[in-house]
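# Fold and contact review
For reference, the chains in residue letters:
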Amino acid sequence: MKERNILSGFHTEEDASKAADALRQAGFSIVQIDRVGQFPGDGNESIMNPISGEIPSLGIMTLAGDFPNGRDASILAAASPDASGMADRGDDNLNRSVLLTAVVPEERGDEATQIITSLGGMV
C-alpha cells in the first residue's frame with residue numbers, strides 16, 4: 001500500500017494537538033507532534049540579567065538557544081539579525097515551530113491535508 005508523508009507547521013502545540021485529534025478521529029493512526037527550531041535546545045530555563053554579567057553568550061540570551069558543543073555555534077548565532085532585535089519577522093509563516101507529521105494512505109492524502117489546513121496548519 002502506498003503512503004503519503006505529510007509535514008505541516010503550526011504556531012502552537014495546542015493547534016497541532018487539535019489537528020492530530022481530528023486526524024485520529026478520521027481514522028489516521030500515525031500522527032506525531034514535535035517542536036523544531038532554528039537553534040538547538042529547549043531554550044532558557046531561567047531569567048537572565050545582562051547587567052550581572054552571568055550570561056554565556058548573546059545567542060543564548062536573545063535566541064533561547066542551547067549550544068552544548070562550545071562557543072563557536074553561539075557566536076555564529078549571535079551574528080543573526082534575530083539576536084539584535086532588528087529583524088523584521090513580518091511573514092506569518094516563519095513562526096511555525098510546531099511540526100505535525102502524519103503518514104496516511106495515498107488515496108486519503110488529500111483528505112488528511114484538508115483536515116490539517118482547515119485547523120490552521122501549513123502543509
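A quick note: this is a predicted structure, and the numbers were derived from the prediction, not measured. Along each chain, numbering runs from 1 in the same order as the chain's sequence is written. Whole-chain, interface and lining totals are the exception, using all residues; otherwise, since this is a predicted model, local features are given only for residues with pLDDT of at least 70 and side-chain atom pairs are given and counted only at 80 or more. Hydrogens and water are ignored here; the side-chain numbers use all heavy atoms of the structure.

Before going further, it helps to examine the sheet that holds strand β2 (residues 30-35). Read across the open sheet, the three strands follow the order β1-β3-β2; overall the sheet is antiparallel. Looking at the sheet topology across the chains shown, the edges are occupied by β1 (3-10) and β2. On average, adjacent strands in this sheet sit at an angle of 15 degrees to one another, irrespective of strand direction. Strands qualify as paired when DSSP identifies two bridges or more between them. Numbering goes from the N terminus for both helices and strands, where a helix is a DSSP run of H or I of at least four residues and a strand is a run of E of at least two. Bridging between β1 and strand β3 (residues 98-105) involves eight bridges; their strand directions are antiparallel. Residue Ser8 lies in a different strand from β3, and its bridge partner there is Leu100. Lying on the sheet, helix α5 (residues 109-118) is in contact with β1 and β3; it crosses β1 at an angle near 10 degrees. Think of each axis as a best-fit line through the C-alpha atoms, taken over the contacting stretch in the case of a helix, with angles from 0 to 180 degrees between the N-to-C directions. Any pair of residues with heavy atoms lying within 4.5 Å of one another is described as a contacting pair.

A side chain with one charge may pair with a side chain of the opposite charge, provided their charged atoms come close. A pairing counts as a salt bridge when a side-chain nitrogen of Lys or Arg comes within 4 Å of a carboxyl oxygen of Asp or Glu. Summed over the entire model, instances satisfying the criterion amount to six salt bridges. Linking Asp110 and Arg4 is a salt bridge whose minimum nitrogen-to-oxygen distance equals 3.2 Å. One end of the pair, Asp110, is in helix α5; the other, Arg4, is in strand β1, with 106 residues separating them in the sequence. For Arg4, a relative accessible area of 23% gives the class partly exposed. One salt-bridge network, held together by shared partners, links Arg4, Glu106 and Asp110. Exposure categories follow from relative accessible area, calculated using a 1.4 Å probe and restricted to protein chains: below 20% of the type maximum is buried, above 50% is exposed, and the middle band is partly exposed.

We now examine the nonpolar core. Counting 15 residues, the largest nonpolar core has Phe10, Leu23 and Leu100 as the members making the most contacts within it. Among the elements of the structure, β1, α1 (13-25), β3 and α5 are those that each provide at least two residues to this core. With sequence-adjacent residues up to four places away left out, Leu100 is seen in contact with Ile6, Leu7, Ser8, Phe10, Ala16, Ala19, Ala20, Leu23, Val31, Gln32, Ile33 and Ile116. We call a set of buried Ala, Val, Leu, Ile, Met, Phe, Trp, Tyr and Cys residues a nonpolar core when their side-chain atoms join them within 4.5 Å.

Turning our attention to the side chain of Ser8. With respect to the helices and strands, Ser8 occurs in strand β1. The exposure class of Ser8 is buried, given its relative accessible area of 1%.

This part covers the environment of Val103. Of note, Val103 is situated in strand β3. Through-space distance from the C-alpha of Val103 to that of Asn5 is 4.6 Å; in sequence the pair is 98 residues apart.

This part is about the environment of Asp82. Relative to the assigned elements, Asp82 resides in helix α4 (residues 81-84). With relative accessibility at 23%, the residue Asp82 sits in the partly exposed group. The spatial distance from the C-alpha of Asp82 to the C-alpha of Leu63 is 7.3 Å, given a sequence separation of 19 residues.

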